[in-house]
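Coordinate inspection notes
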Amino acid sequence: MNERIDAPAWDHRGMGIRLTGLSIPGGFGAQWQKAEGDKDVARRVLLFLEDRRLLFGQRHREDKSHCISSALQIRAFLTEQLVLVKPKSDLFENLRAMRAACRRFIEAAGPNGSYLSYGERYGQADPFSLALGGLRSMMGIHIAILAQAYDLEVDEELASILPPQPQDDDGDLGWLPGFG
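Please read these numbers as outputs of a predicted model, since none were measured by experiment.

**Examining the nonpolar core**
Formed by 36 residues in total, the largest nonpolar core has its most connected members in Phe105 and Met139. Of all the elements in the fold, those that place two or more residues in this core are α1 (38-49), α2 (64-82), α3 (90-109) and α4 (127-149). Element by element, the count of residues in this core is highest for α3, at 9 residues.

**Topic: the environment of Arg52**
In this structure, Arg52 sits in the loop between α1 and α2. The spatial distance from the C-alpha of Arg52 to the C-alpha of Glu157 is 9.8 Å, given a sequence separation of 105 residues. Non-local contacts of Arg52, meaning those with residues more than four positions away in its chain, are made with Ser70, Gln73 and Ile74. Of note is the side chain of Arg52, whose polar atom sits 2.5 Å from the side chain of Gln73.

**Things to note about the environment of Ile68**
Positionally, Ile68 belongs in helix α2. Overall, the relative accessible area of 12% leaves Ile68 in the buried class. Taking the C-alpha atoms as reference points, Ile68 and Phe105, separated by 37 residues in sequence, lie 7.9 Å from one another. Residues in contact with Ile68, not counting those within four places in the same chain, are Phe105, Ala109, Asn112 and Gly113.

**Some words on the pattern of salt bridges**
Under the counting rule described, the total for this entry stands at 1 salt bridge. Salt-bridge contacts for Asp40 lead to Arg43; the nearest nitrogen and oxygen are separated by 3.5 Å. You can see Asp40 and its partner Arg43 sitting in helix α1, 3 residues apart, about one turn around the helix. When its relative accessible area of 29% is taken as the criterion, Asp40 is described as partly exposed. Take Arg43: its relative accessible area is 35%, and that puts it in the partly exposed class.

**A word on the packing of aromatic side chains**
Two descriptors summarise a pair of aromatic rings, namely the distance from one centre to the other and the angle between the planes of the rings. Overall, the coordinates contain 2 aromatic pairs when judged by the stated rule. Here the aromatic rings of Phe48 and Phe77 are separated by 4.0 Å at their centres, their planes lie at 10°, and the arrangement is stacked. Of this pair, Phe48 sits in helix α1 while Phe77 sits in helix α2, and the two are 29 residues apart along the sequence. Relative accessible area serves as the criterion here: at 12%, Phe77 is assigned to the buried category. Arranged with centres 6.5 Å apart and planes meeting at 70°, the rings of Phe105 and Phe128 form a pair that is edge-to-face. One end of the pair, Phe105, is in helix α3; the other, Phe128, is in helix α4, and 23 residues separate them in sequence. Exposure class is identical for Phe105 and Phe128. Each is buried.

Conventions we followed
Residues numbered from 1 in each chain as written. Predicted model: local features only at pLDDT ≥ 70, side-chain atom pairs only at ≥ 80, totals over all residues. Heavy atoms only, no water. Core = buried A, V, L, I, M, F, W, Y, C linked by side-chain atoms within 4.5 Å. Buried < 20%, exposed > 50% of the residue type's maximum accessible area, 1.4 Å probe, protein only. Helix = DSSP H or I, 4+ residues; strand = E, 2+ residues; numbered from the N terminus. Contact = heavy atoms within 4.5 Å. Polar contact = N/O pair within 3.5 Å; in protein donor to acceptor, adjacent residues only side chain to side chain. Salt bridge = Lys/Arg side-chain N within 4 Å of Asp/Glu carboxyl O. Phe/Tyr/Trp six-rings, centres within 6.5 Å; stacked < 30°, edge-to-face > 60°.

So, in structure tokens, the structure goes:
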């Protein structure tokens, strides 16, 4: 009589398989399941972010709570995806950095968005614009890294936060003192 043992999921990322069960006495058997690869996770992250207007939409100053809620949702989603990738991998580190950018935005907002006062006061920049710009900049960098590393396309609206493409003349710093 074969006895089926449900094994804890063992994931061998290099092989793209996950051991899900074993059968022993009377004959050895194993059950396998195709494991998600990092590209699948990266694609899912980009698809999720494509629908987050916080990252690319107009700055709706009257809707602070929606912005904070969206950042919380992004952060929770990224945490869910982190458990699916190998710790300390490039993808893991990129997702952690994206999650940290969301956390910084949420912390900058304060309780119920009370720290995100609008308008310039005393010659200082608008705190909401600064926090949102920081979030978008960091997310744009890491989205660009994911898209390049896994050969993924980025939706046009989401692509608006990506860093600019290098230009031919960007490398010529000869006009700066000490770079000539």
